[in-house]
Amino acid sequence: MSDQPEEPHRHYVDGEWTAGESEETFVSQNPATGETLGEFYQGTPADVERAVSAAEGAYEEWRAMSYIDRAEVLWDVYHELRDRTDELGEIVTRECGKEISEGRADVVEAAHMVEWAAGNARHPHGDVVPSEIAAKDAYMRRKPRGVVGCITPWNFPVAIPFWHMAVALVEGNTVVWKPAEQTPWCGQIVAEMMVDAGVPDGVFNVVQGFGDAGNAIVEDERVSTILFTGSAEVGHKIDEKLGGVPGRDAALEMGGKNGIVITANADLDIAVHSAVMSSFKTTGQRCVSSERLIVHTDVYDEFKERFVDLAEDVAVGDPLDEDTFMGPLIENPHRVKVEEYADLAREEGVNVLVDRTDLDADEIPDGHEDGHWVGPFVYEADPDADLRCTHEEVFGPHVGLLEYDGDIERAVEIHNDTQYGLAGAVVSEDYREINYYRDHAEVGLAYGNLPCIGAEVQLPFGGVKKSGKGSPSAREVIEAVTERTAWTLNNSKDIQMAQGLSADIKTEED
Ligand code: ADP
């Protein structure tokens, strides 16, 4: 951000860049180098209060516009995301440490979401539904829900904000957004794009800061809908606060302890490739990353040898270098957590196969000594043991190999033995095994002969069990940010009722 002014960056509230109530600031740091990328004012509950008031005030006028006029604003954002993909991809990589192809993919995915949302404005919005009564026209219509609060994580710092906000805005809601504290620079750029595109004052507001600002959005009763993507811990707190509150709702997408089943009939080239991608891409810091590989005993030894070889060799390094496969972890406390889980696994008695938790000095690129480096940690464990390391989400390149004997039912039983249910995959050449997995794996996103990462916006995205509730992301977010109205119009002068219900009014005299 060297070309930016020295002043701390501001929030964007009610059409103005504002320092907010507090003079306190925080900085964004490059996780690969420790370099400071920018300084930002730290939002307070009072700043959130102002942002919600602005969003509430702008709502009636925004919802009164046509879908297509609202979408026009978003098309400008789409073109900017497309035109600036390489530049923004590099910023994503510098701020969150994902290797450069992932940085760019983050921006491309954001563009896809905006394209979907703005394109959808010209599509039918609801259904024409038959009525039992010929004289009645019945429709399912959608209405915006009002002020939508968006709370986003650092690992997809451009894509996830648009997953939340693009459809919400086109549908006629107004937005208060709190970007992740680790990636405020990406937040700033997204806000600038919205401003450049001419989003009317108050329709889009951003307050930078930490969990207290996020919590203030959750606690404000004027915010009808919370879209949250982040940790299970915070997501469940939000659910507890909003659960049962009339008129308020939350769509939540949290973590996972995602598994890949590799059966006796697997093509091992596909299995190894899928497992390495799923476990180590983004340094294991995707909510869909895989930390459990459930491998049939007939192919176990060969799979293990090939997977371990790659885990030993996978290129950790400067995320801006095209030859890097894994960048750093996001921040030091997270590095400590990943290290603690490696220690825990050892204490729990697993057999460690690869431990690159502490990389050798020559594996760390010059000038990157202050990065939060870690390499793969791979072990084998008993699939039936009640271990924390095989059941709790680490959010790092921490992978357990779980050997099983028996049929696909047994594999899926092990696969489902976690409290989470976000993503998973099966690798097999037998369609019956694949179909069994498809029908019985307890996940929201399931893949066959593929990694369990790699969502596309035109598919639903969300989890089951502890991983989520509703869908704050991709196309199904429309369900979270709209109310459906069942609308019935009578074209007759007579009132006729369905189900044979009498419409006659009977009096004492009848
Ligand atoms: P992660 O572990 O991926 O950083 P978090 O759940 O901690 O996930 O953070 C995701 C988002 O939630 C961030 O924008 C963060 O500031 C915000 N957040 C953290 N705590 C709270 C809270 N108590 N209420 C609302 N938002 C919060």
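Located above this text is the structure these notes cover.
Residues numbered from 1 in each chain as written. Predicted model: local features only at pLDDT ≥ 70, side-chain atom pairs only at ≥ 80, totals over all residues. Heavy atoms only, no water.

Trainee: Mind showing me how you'd approach the overall build of the chain here?
Mentor: The helix and strand tally for the chain stands at 14 helices and 22 strands. Relative to a compact globule of 510 residues, whose C-alpha radius of gyration would be 24 Å, the chain shows 25 Å and is just as compact. Overall, the C-alpha framework of the chain stretches about 90 × 60 × 40 Å when taken along its three principal axes. Looking at the 510 residues of the chain, the share that counts as buried comes to 56%. A total of about 21400 Å² of accessible surface is found on the chain, and carbon and sulfur atoms cover 46% of it. In the chain, 41 positive and 100 negative side-chain charges are present, and the distance between their average locations comes to 7 Å. (Helix = DSSP H or I, 4+ residues; strand = E, 2+ residues; numbered from the N terminus. Rg over C-alpha atoms; globule rule 2.2 N^0.38 Å. Buried < 20%, exposed > 50% of the residue type's maximum accessible area, 1.4 Å probe, protein only. Areas by Shrake-Rupley, 256 points an atom, 1.4 Å probe, with all protein chains shown as cover. Lys, Arg positive; Asp, Glu negative; His and termini not counted. Charge placed at Lys NZ, Arg CZ, Asp CG, Glu CD.)

Trainee: Please clarify how the nonpolar core should be interpreted in this entry.
Mentor: When a protein is soluble and globular, its nonpolar side chains tend to lie buried together. Of all hydrophobic cores here, the largest spans 103 residues; its most connected members are L81, F162, F204, I262, F303 and F307. Here this core gets 10 residues from one element, more than from any other, and that element is helix α5 (residues 159-170). Setting aside anything within four residues of it in sequence, one finds F204 in contact with Y12, M165, V175, W177, A191, M194 and V199. (Core = buried A, V, L, I, M, F, W, Y, C linked by side-chain atoms within 4.5 Å. Contact = heavy atoms within 4.5 Å.)

Trainee: Help me out: how do you make sense of a nonpolar patch on the surface in this one?
Mentor: Together, V128, Y139, W487 and L489 make up a nonpolar patch on the protein surface, roughly 390 Å² of accessible area in all. Checked against the element boundaries, W487 lands in strand β22 (residues 482-490). Overall, W487 belongs to the partly exposed group, its relative accessible area being 42%. (Patch = residues over 30% accessible without salt bridge, like charges linked within 9 Å, V, L, I, M, F, W, Y side chains within 5 Å. Salt bridge = Lys/Arg side-chain N within 4 Å of Asp/Glu carboxyl O.)

Trainee: Could you clarify how one ought to interpret the sheet that holds strand β6 (residues 136-144) in this entry?
Mentor: As a general point, the strands of a sheet are linked pairwise by backbone hydrogen bonds and lie either parallel or antiparallel. Taken together, the three strands give an open sheet; going across it, the order is β5-β6-β22, and neighbouring strands pair in antiparallel fashion. Sheet topology places β5 (126-129) and β22 at the edges, where each strand pairs with a single neighbour. Each neighbouring strand pair of the sheet contributes to a mean axis angle of 15°, computed without reference to strand direction. For β5 and β6, the ladder comprises four bridges, and the chain directions are antiparallel. Within β6, the residue paired with D127 across the bridge is M140. (Pairing = 2+ DSSP bridges. Axes fitted to C-alpha atoms, helices over the stretch in contact; angles between N-to-C directions.)

Trainee: Honestly, the pattern of salt bridges in this entry has me stumped. Any pointers?
Mentor: Pairing between side chains of opposite charge can happen when their charged atoms approach one another. Counted under the stated rule, the structure contains 32 salt bridges. In this structure, the salt-bridge partner of R142 is E479, at a minimum N-O distance of 3.0 Å. Placement of the pair is R142 in strand β6 and E479 in helix α14 (residues 477-481), with a sequence separation of 337 residues. Judged by relative accessible area, E479 falls into the partly exposed class, the value being 33%. One salt bridge in this structure joins R346 and D343, with 3.5 Å as the shortest N-O distance. Of this pair, R346 and D343 both sit in helix α11 (residues 332-347), separated by three residues, roughly a single helical turn. Judged by its relative accessible area of 38%, R346 is partly exposed.

Trainee: Looking at this model, I keep getting lost on the environment of A345. Mind explaining?
Mentor: Inspection of the secondary structure puts A345 in helix α11. Judged by relative accessible area, which is 0%, A345 ranks as buried.

Trainee: Mind showing me how you'd approach the packing of aromatic side chains here?
Mentor: The geometry of an aromatic ring pair is captured by the separation of the ring centres together with the interplanar angle, meaning the angle of the planes. Across all of its chains, the model carries 11 aromatic pairs by this definition. Aromatic pair W154 and F395: ring centres 6.4 Å apart, planes at 80°, arrangement edge-to-face. One end of the pair, W154, is in the loop between β7 (147-151) and α5; the other, F395, is in the loop between β15 (377-381) and β16 (398-404), with 241 residues separating them in the sequence. The exposure classification of W154 matches that of F395, with both residues buried. Look at F303 and F307: their rings are 5.6 Å apart centre to centre, the planes differ by 15°, and that puts the pair in the stacked class. Of this pair, F303 and F307 both sit in helix α10 (residues 297-313), four residues apart, which is roughly one turn of the helix. Ring pairing ties together the aromatic residues Y12, W17, W177 and F204, which thus form one cluster. Directly above the ring of Y67 sits R70, whose terminal nitrogen or CZ lies 4.9 Å from the centroid. When the ring centre of F156 is taken as reference, the NZ or CZ atom of K98 above it lies at 3.8 Å. (Phe/Tyr/Trp six-rings, centres within 6.5 Å; stacked < 30°, edge-to-face > 60°. Lys NZ or Arg CZ within 6 Å of the ring centre and 35° of its normal.)

Trainee: Teacher, can you tell me more about helix α6 (residues 184-197) here?
Mentor: Given 3.6 residues per turn, any residue in an α-helix points the same way as the ones three and four places further on. Its 14 residues place the ends of α6 20 Å apart at the C-alpha level, agreeing with the 20 Å of an ideal helix rising 1.5 Å per residue. By the criterion of burial, α6 is predominantly enclosed, with 11 of the 14 residues buried. Along α6, the residues that are buried comprise P184, W185, C186, G187, Q188, I189, V190, A191, M193, M194 and A197. Positive backbone phi, at 85°, marks G198, one or two positions downstream of α6. (Expected span 1.5 Å × (residues − 1).)

Trainee: Could you clarify how one ought to interpret a negative patch on the surface in this entry?
Mentor: On the surface, D298, D301, E305, D309, E312, D313, E403 and D405 cluster together into a negatively charged patch. Here the element with the most residues in the negative patch is α10; it accounts for six residues. Residue position: E403 is located in strand β16.

Trainee: Would you mind going over the sheet that holds strand β13 (residues 290-296) with me for this structure?
Mentor: Overall, mixed pairing links the seven strands, which are arranged β14-β15-β16-β13-β12-β17-β18 in an open sheet. Looking at strand neighbours, the two that pair on one side only are β14 (351-355) and β18 (445-448), the edges of this open sheet. Across the sheet, the mean angle from the axis of one strand to that of its neighbour is 20°, orientation sign disregarded. Taken together, the four bridges between strand β12 (residues 258-262) and strand β17 (residues 423-427) define a ladder with parallel strand orientation. Each bridged residue has a counterpart across the sheet, and for I262 the counterpart in β17 is V427. Sheet strands touched by helix α12 (residues 408-415): β12, β13, β16 and β17. Its angle to β13, the strand with the most contacts, is close to 160°. Across the sheet, helix α13 (residues 431-440) lies against β12, β17 and β18, angled at about 165° from β17, the strand it touches most.

Purely geometric stuff here, so don't read any function into it on its own.
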